[in-house]
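The chain contents come next:
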Amino acid sequence: MPFNDPDPEDPSVLIGIGLPAGPEAVREMAYAFAEEFAAHGFDEERLLSLFRQPFYAGAHGALKVLGEAQIQIIVRESVATWGGW
């Protein structure tokens, strides 16, 4: 088998699939991102800038789906709960 040709029988081959999800699932994902980074010491401004950067595809995608106002609410709640640790 060639080096770059994955063996379909290999159980350690990374396989990704997409799952359908609505806005509520995206909201939960946004909370997960915001809580994680708030717990690591990010303040509101730094956390919002993370959501605005296309490099962070998951967080940026949540911003596109939910909008700036909803992301600001999520970030504010997350920093209030998890910030300052």
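Residues numbered from 1 in each chain as written. Predicted model: local features only at pLDDT ≥ 70, side-chain atom pairs only at ≥ 80, totals over all residues. Heavy atoms only, no water.

**Concerning the overall build of the chain**
Part 1 of the reasoning: For the chain, the helix and strand inventory stands at 4 helices and 0 strands.
Part 2 of the reasoning: If you list the helices and strands of the chain from N to C, you get α-α-α-α.
Part 3 of the reasoning: For 85 residues, the compact-globule estimate of 2.2 N^0.38 gives 12 Å, and the chain exceeds it by more than 25% at 17 Å.
Part 4 of the reasoning: Projecting the C-alpha coordinates of the chain onto the three principal axes gives extents of approximately 55 × 30 × 20 Å.
Part 5 of the reasoning: Looking at the chain residue by residue over its 85 residues, the buried ones come to 24%.
Part 6 of the reasoning: Excluding contacts between residues fewer than 6 apart, the proportion of contacts in the chain whose partners are at least 24 apart in sequence is 57%.
Part 7 of the reasoning: Carbon and sulfur atoms provide 59% of the accessible area of the chain, an area that totals close to 6,200 Å².
Part 8 of the reasoning: Of the charged side chains in the chain, 5 are positive and 13 negative, and the gap between their average positions amounts to 13 Å. (Helix = DSSP H or I, 4+ residues; strand = E, 2+ residues; numbered from the N terminus. Rg over C-alpha atoms; globule rule 2.2 N^0.38 Å. Buried < 20%, exposed > 50% of the residue type's maximum accessible area, 1.4 Å probe, protein only. Contact = heavy atoms within 4.5 Å. Areas by Shrake-Rupley, 256 points an atom, 1.4 Å probe, with all protein chains shown as cover. Lys, Arg positive; Asp, Glu negative; His and termini not counted. Charge placed at Lys NZ, Arg CZ, Asp CG, Glu CD.)

**Remarks on the packing of aromatic side chains**
Part 1 of the reasoning: Scanning the entire structure with this criterion turns up 2 aromatic pairs.
Part 2 of the reasoning: Ring centres of Phe55 and Tyr56 lie 5.2 Å apart, and the angle between their planes is 85°; this geometry places the pair in the edge-to-face category.
Part 3 of the reasoning: Residue classification places Phe55 among the exposed residues on the basis of a relative accessible area of 68%. (Phe/Tyr/Trp six-rings, centres within 6.5 Å; stacked < 30°, edge-to-face > 60°.)

**Observations concerning the pattern of salt bridges**
Where charged atoms from two side chains of opposite charge approach closely, those side chains can pair.
Part 1 of the reasoning: Tallying each qualifying case throughout the model produces 2 salt bridges.
Part 2 of the reasoning: The partner of Glu24 in a salt bridge is Arg27, and the shortest N-O contact between them spans 3.6 Å. Note that Glu24 and Arg27 are positioned in helix α1 (residues 23–39) at a spacing of 3 residues, about one turn of the helix.
Part 3 of the reasoning: Put simply, Glu68 and Arg52 hold a salt bridge, and the shortest N to O gap is 2.5 Å. (Salt bridge = Lys/Arg side-chain N within 4 Å of Asp/Glu carboxyl O.)

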